[in-house]
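Observations on chain architecture
The primary structure of each chain is shown beneath.
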Amino acid sequence: MNDTATLEAPVAARAKPKVILCEGNEAAALGVALARPDMVAVYPITPQSSLVEHVAKLIADGRMDADIVDAEGEHSVLSVLQGGALAGARTYTATCGPGLAFMFEPYFRTSGMRLPIVMSIVTRDGITPQSVWGGHQDAMTVREVGWIQLYCETVQEVLDTTVMAFKIAEHHDVMLPVNICLDGNYLSYGASRVELPEQADVDAFLGDKDVNWHVALDPLRPMAVDPLTGGAGGKGPATFVRYRKGQCRGMQNALAVIEEVHADWARRIGRSFAPLVEEYRLDDAEFAIMTLGSMTGAAKDAVDEARAAGKAVGLIKLKTFSPFPVEALLKSLAKVRALGVVDRSVAFRWNCGPMFQETLGALYRLGRHVPATSFIGGLAGADLTVAHFHRVIADTEALLTGPAPTTPVWLNEND
Amino acid sequence: MGRAFNTIAFDASKCDGCGDCMIACAQAKTGTDDVARSRIQIVGRDQAFELALCRQCADPKCVTVCPAGALAKDGASGVIGWDESKCVDCLLCTIGCAYAGIALDEASGHVAKCDTCDGSPACVPACPHGALRYVTTAHIYNEVGDWEDLFAPGLAGCQGCNTELLMRHTLRRVGPDTVLATPPGCVPGMGSVGYNGATGTKVPVFHPLLTNTAAMLAGIKRQYKRVGREITALAIAGDGGASDVGFQSLSGAAERGEQMLFMVVDNEGYMNTGMQRSSCTPYGAWTSTTPVGESQRGKTQDAKNLPLIMVNHRCAYVATASTAFMEDLYAKLDRAIEASKSGFAYVHVYSPCTTGWRFPTQLNIEVARKAVETNFVMLWEYTPDTGLHFTHPVDDPLPVTEYLKAMGRFRHLDEAQIEHIQRKVVENARFVARLAEQGEAGVVA
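Cut-off values and rules
Once a new chain begins, its residue numbering starts again from 1 and follows that chain's sequence as written. In the order they appear in the text, chains get letters beginning with A and ligands get numbers beginning with 1. Whole-chain, interface and lining totals are the exception, using all residues; otherwise, since this is a predicted model, local features are given only for residues with pLDDT of at least 70 and side-chain atom pairs are given and counted only at 80 or more. By convention in this description, side-chain values take in all heavy atoms of the structure and omit both hydrogens and water. Only DSSP runs of H or I covering at least 4 residues are called helices, and only runs of E covering at least 2 are called strands; the numbering of each starts at the N terminus. The criterion used for residue contact is that any of the two residues' heavy atoms lie within 4.5 Å. For the domains described, the bounds stem from an automatic or database domain assignment. Any two strands between which DSSP finds at least two bridges are classified as paired. Axis definition: a line fitted to C-alpha atoms, over the contacting stretch in the case of helices. Angles run 0 to 180 degrees between N-to-C directions. Two rings belonging to Phe, Tyr or Trp (six-membered ring only in the last case) form a pair when the distance between their centres is within 6.5 Å. Interplanar angles under 30 degrees mark stacking, angles over 60 mark edge-to-face geometry, and anything in between is tilted. Relative accessibility decides the category of a residue: with a 1.4 Å probe and only protein chains considered, values under 20% of the type maximum give buried, values over 50% give exposed, and everything between is partly exposed. For a ring to carry a charge above it, either NZ of a lysine or CZ of an arginine must fall within 6 Å of the ring centroid while also lying within 35 degrees of the normal to the ring plane. Buried area: the accessible surface (1.4 Å probe) lost by two parts on joining, summed over both. When a carboxyl oxygen of Asp or Glu is within 4 Å of a side-chain nitrogen of Lys or Arg, the pair counts as a salt bridge. The definition of a polar contact used here is a pair of N or O atoms within 3.5 Å, where within protein one atom must be able to donate a hydrogen and the other to accept one, and adjacent residues in sequence count solely through side-chain atom pairs. Under the grouping applied here, Gly and all other residues not named as nonpolar or charged are polar, the nonpolar ones being Ala, Val, Leu, Ile, Met, Phe, Trp, Tyr, Cys and Pro and the charged ones Asp, Glu, Lys and Arg. Expected helix span is taken as 1.5 Å per residue step, with the number of steps being one fewer than the number of residues. This arc is taken over the directions from the axis of the helix to the C-beta atoms.

Some points on the side chain of B:His348
- As for its placement among the helices and strands, B:His348 is situated in strand 14 (residues 344–350).
- The residues contacting B:His348, other than those within four sequence positions of it, are B:Val264, B:Asp266, B:Leu306, B:Pro307, B:Ala319, B:Thr320 and B:Ala321.

As for the domain arrangement of chain B
- In terms of domain boundaries, chain B breaks down into domain 1 (7–139) and domain 2 (147–437).
- For domain 1 of chain B versus domain 2 of chain B, the separation of C-alpha centres amounts to 40 Å.

Quick notes on the sheet that holds strand 6 (residues 148–151) of chain A
Residue and element names in this part refer to chain A.
- Strand order in the open sheet formed by seven strands is 3-2-4-5-7-6-13, with mixed pairing between adjacent strands. A strand with exactly one partner marks an edge of an open sheet, and here the two such strands are strand 3 (67–70) and strand 13 (320–322). Recorded for the sheet is a direction-independent mean angle of 20° between the axes of neighbouring strands.
- Sheet topology note: the strand 6/strand 13 ladder contains two bridges and is antiparallel. Paired with Gln-149 across the bridge in strand 13 is Ser-322.

Side note on the packing of aromatic side chains
- Taken as a whole and assessed by the stated rule, the structure comprises 10 aromatic pairs over all chains.
- Here the aromatic rings of A:Tyr92 and A:Phe166 are separated by 6.4 Å at their centres, their planes lie at 40°, and the arrangement is tilted. Of this pair, A:Tyr92 sits in strand 4 (residues 91–95) while A:Phe166 sits in helix 8 (residues 155–170), and the two are 74 residues apart along the sequence. Each member of the pair, A:Tyr92 as well as A:Phe166, is classed as buried.
- Here the aromatic cluster, defined as three or more aromatic residues joined through ring pairs, consists of A:Tyr151, A:Phe321 and A:Phe324.
- Over the ring of B:Phe247 we find B:Lys304; its NZ or CZ atom is 5.1 Å from the centre of that ring.
- Against the face of B:Trp286 rests B:Arg358, its NZ or CZ located 3.5 Å from the ring centre.

Notes on the interface of chain A and chain B
- Across the contact, 45 residues belong to chain A and 35 residues belong to chain B.
- Roughly 3,000 Å² is buried in total at the junction of chain A and chain B, and carbon and sulfur atoms are behind 55% of that figure.
- Considering only the surface of chain A that becomes buried against chain B, A:Glu72, A:Leu217 and A:Pro219 emerge as the three largest contributors, covering 20% of it.
- The interface formed by chain A and chain B holds five salt bridges in total.
- A salt bridge links A:Asp67 to B:Arg222; the nearest nitrogen and oxygen atoms lie 2.7 Å apart.
- Counting the contacts that link chain A with chain B gives 16 residue pairs in polar contact (both at pLDDT 80 or more).
- If one sorts the elements of the side of chain A that touches chain B by residue count, helix 4 (residues 74–86) of chain A sits on top with eight residues.
- Its residues assigned to classes, the side of chain A that touches chain B comprises 22 nonpolar, 13 polar and 10 charged.

Observations regarding helix 14 (residues 386–398) of chain A
All names here are of chain A.
- Here helix 14 is 13 residues long and its end C-alpha atoms lie 18 Å apart, about the 18 Å a rise of 1.5 Å per residue gives.
- Taken together, the buried positions of helix 14 are His-388, Phe-389, Val-392, Ile-393 and Thr-396. Here the buried residues of helix 14 occupy an arc of 140° about the axis, which is enough to place them on one side.
- Buried residues along helix 14 sit against strand 11 (287–292), helix 11 (296–308), strand 12 (313–318), strand 14 (338–343) and strand 15 (372–376).

Re the domain arrangement of chain A
All names here are of chain A.
- The domains assigned to chain A are domain 1 (11–215 + 245–269) and domain 2 (278–410).
- With centres defined by C-alpha atoms, the gap from domain 1 to domain 2 works out at 27 Å.
- If you look at the interface, domain 1 gives 28 residues, while domain 2 gives 29 residues.
- Buried area between domain 1 and domain 2, both sides added, is near 2,300 Å², and the carbon and sulfur share of it is 53%.
- If you sort the residues of domain 1 by the area they bury against domain 2, Arg-143, Glu-153 and Tyr-186 come out on top, with a joint share of 29%.
- Counting every contact that joins domain 1 to domain 2 gives six salt bridges.
- For Lys-300, the salt bridge goes to Glu-153, with nearest N and O atoms at 3.2 Å.
- Here domain 1 and domain 2 share 19 residue pairs in polar contact (both at pLDDT 80 or more) between them.

Put into structure tokens, the structure is as follows:
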């Protein structure tokens with residue numbers, strides 16, 4: 001499977017990459033085309049629509065050889081792909097917000113059947129209040145359903161992660177579905193310079209697909225797929241536990257696989273991204289702010305300005321949100337004495353952001369108290385600017401000397 | 001495996017006692033018009049006729065009582081033959097037979113009986129009313145008895161389950177190159193997907209969700225088509241999962257012309273989960289969610305007519321069927337399988353539920369038959385080319401009470417409710433008949 005020649009070729013010696021200007025939705029579509037899925041199922045929804053339009057056009061133009069299913073709704077979109085995967089197909093779709101909510105029934109089941117389906121979530125805030133704009137509420141709402149979730153910062157990262165997602169999902173130690181989360185509006189419609197990998201390099205990177213070796217609907221090897229299990233008697237309880245434990249093990253295996261796949265991508269394609277947790281100016285920081293997705297660009301600018309003004313601030317960005325990279329995050333958290341976590345969604349039960357809530361869980365294992373504040377901003381398409389992050393930095397710095405607030409700071413409250 | 005045999009069947013409701021069959025028989029067997037010498041005898045009066053004719057019994061008493069070995073059942077044809085050279089004319093056989101199937105022919109001085117004219121009985125075409133048919137008894141048994149039962153060793157349906165019968169026959173017909181979807185309901189409930197890994201189903205089988213059967217099957221079929229493999233994508237779904245919560249994916253798959261055979265087993269409710277109402281439950285029926293009480297007596301809405309809705313999707317093939325008419329069902333299965341190779345085929349089978357409809361198990365097929373004979377259920381098929389036509393027209397239906405009275409779920413009905421049901425049966429029959437006329441008109445045009 002490995003192409004040694006490609007592996008050893010120094011990146012600089014390669015031909016100049018093809019560069020285009022495109023939006024995140026088109027970049028995702030191009031990434032899908034490079035991964036050569038057998039089957040794509042689509043149903044349009046804002047702000048995902050132009051993504052599936054690009055996929056449809058690539059197929060119509062003969063630039064992508066996939067069976068496209070224009071299903072009558074997101075529920076069937078994912079169901080068609082489940083059938084395809086059980087018959088051995090590499091599969092892809094994209095959705096968001098209400099579409100993801102409608103899809104929830106088969107969505108839950110996809111990870112249970114260990115089907116390596118790849119799906120972009122062009123993130124959108126949850127309704128109601130009615131809104132069609134970006135926010136992480138949709139993806140965060142399904143964070144406990146057994147899918148791997150990778151958040152992208154840039155349009156280039158969207159393209160590259162889309163391809164990598166297939167390799168992660170189909171890895172035999174993982175066999176779980178993957179969401180590539182790209183911020184609605186900011187990444188979906190944000191045009192940016194993008195380098196296109198060579199198809200041959202991507203082919204060598206992905207290798208042959210092997211999608212239904214573990215579970216199949218195939219008359220040549222007949223089996224009963226997903227029989228009734230559980231209950232209180234016989235083999236039921238133990239069988240159910242074995243399946244569930246396997247899912248959890250697959251999620252934990254994914255942490256190493258995600259790192260390995262990102263490293264392989266860097267070797268072959270010449271671009272690297274922090275696979276789990278990215279640190280920015282953290283090594284000598286006293287305190288840090290924590291970000292997710294496209295907001296990170298403005299946050300890094302704010303950190304640079306604050307550094308220039310003498311503040312010892314660094315930044316921690318999560319790329320992998322599910323599985324939650326506890327060990328990797330703890331290494332970063334160990335470097336700071338205060339933390340401000342910026343979420344683009346809310347955790348209703350805890351009156352804070354979901355990433356803040358989960359980070360508190362990780363902090364318990366640090367063995368030392370780190371005061372932290374939850375910041376909530378960028379809801380329903382609101383912009384998170386450098387000015388917003390200066391407030392985050394100031395409020396977080398205040399934790400070094402003063403008390404931590406018990407309620408979140410709502411960043412766009414007065415915008 | 002033993003074979004079943006050919007015989008002549010008699011429909012008393014079509015006989016007017018004209019005697020043409022007897023003349024034809026006498027001419028064929030004696031060269032005379034003497035109806036007394038006919039081996040088929042119509043007896044009775046006042047428009048109520050019966051038939052005296054050899055049944056070619058499997059356990060023939062005439063043969064048993066014959067002291068001379070003059071009567072014998074042919075192993076290949078099943079016909080009971082008489083050997084004049086051995087007969088001692090004792091006439092014991094005429095006493096042994098309960099059907100007056102063998103009698104003294106006074107002109108010849110010997111007994112005479114039907115020999116089915118070597119498989120081409122003269123009486124059958126002579127009947128001007130179609131009251132006589134030359135049929136293969138247990139035709140289905142002969143046809144499919146040797147085929148592999150792909151639900152083996154067993155299924156755990158209720159005693160006398162109609163759906164189990166249907167599933168077994170359907171899968172025998174469709175064969176092993178099949179992927180079978182059985183959404184939650186009685187079909188997997190009786191163990192087709194199994195419990196903790198034990199299943200008797202010999203083809204790949206799975207639980208879709210109640211909601212996404214047609215979508216999942218579409219994905220499976222498409223991928224095999226993509227890699228050049230021919231399989232039959234078969235769903236055996238309940239009426240609830242098809243007409244209620246699963247309807248969207250069903251409609252979507254039909255609209256896209258996904259290549260599959262979608263069979264709905266209509267037992268008119270959620271029988272597996274305790275007999276709750278579905279949109280296919282008929283008006284007036286008791287279910288556990290339309291109970292009979294002081295202020296409400298059974299379901300207050302009419303059933304959704306799902307097969308007609310599928311006709312309006314212009315599916316490649318749509319049919320209704322009943323296990324009381326197995327030859328009709330098999331013919332439709334054949335056409336549906338063929339249609340599913342290039343489009344969406346839909347077969348809606350009415351499947352009486354002995355447990356949920358509250359009737360004794362031995363009446364299962366009788367209830368299914370009465371549903372058809374009263375026009376409560378109509379058997380038809382549709383293709384876009386040929387339109388809709390009846391496969392078992394019932395021109396003179398029995399009153400619907402003949403169907404309703406067999407079942408506990410209708411026992412509480414008052415006169416107004418029965419009148420409502422009868423009115424709806426007539427209204428529905430007219431509606432479907434108009435579609436059938438349009439179909440014929442379309443073919444002519």
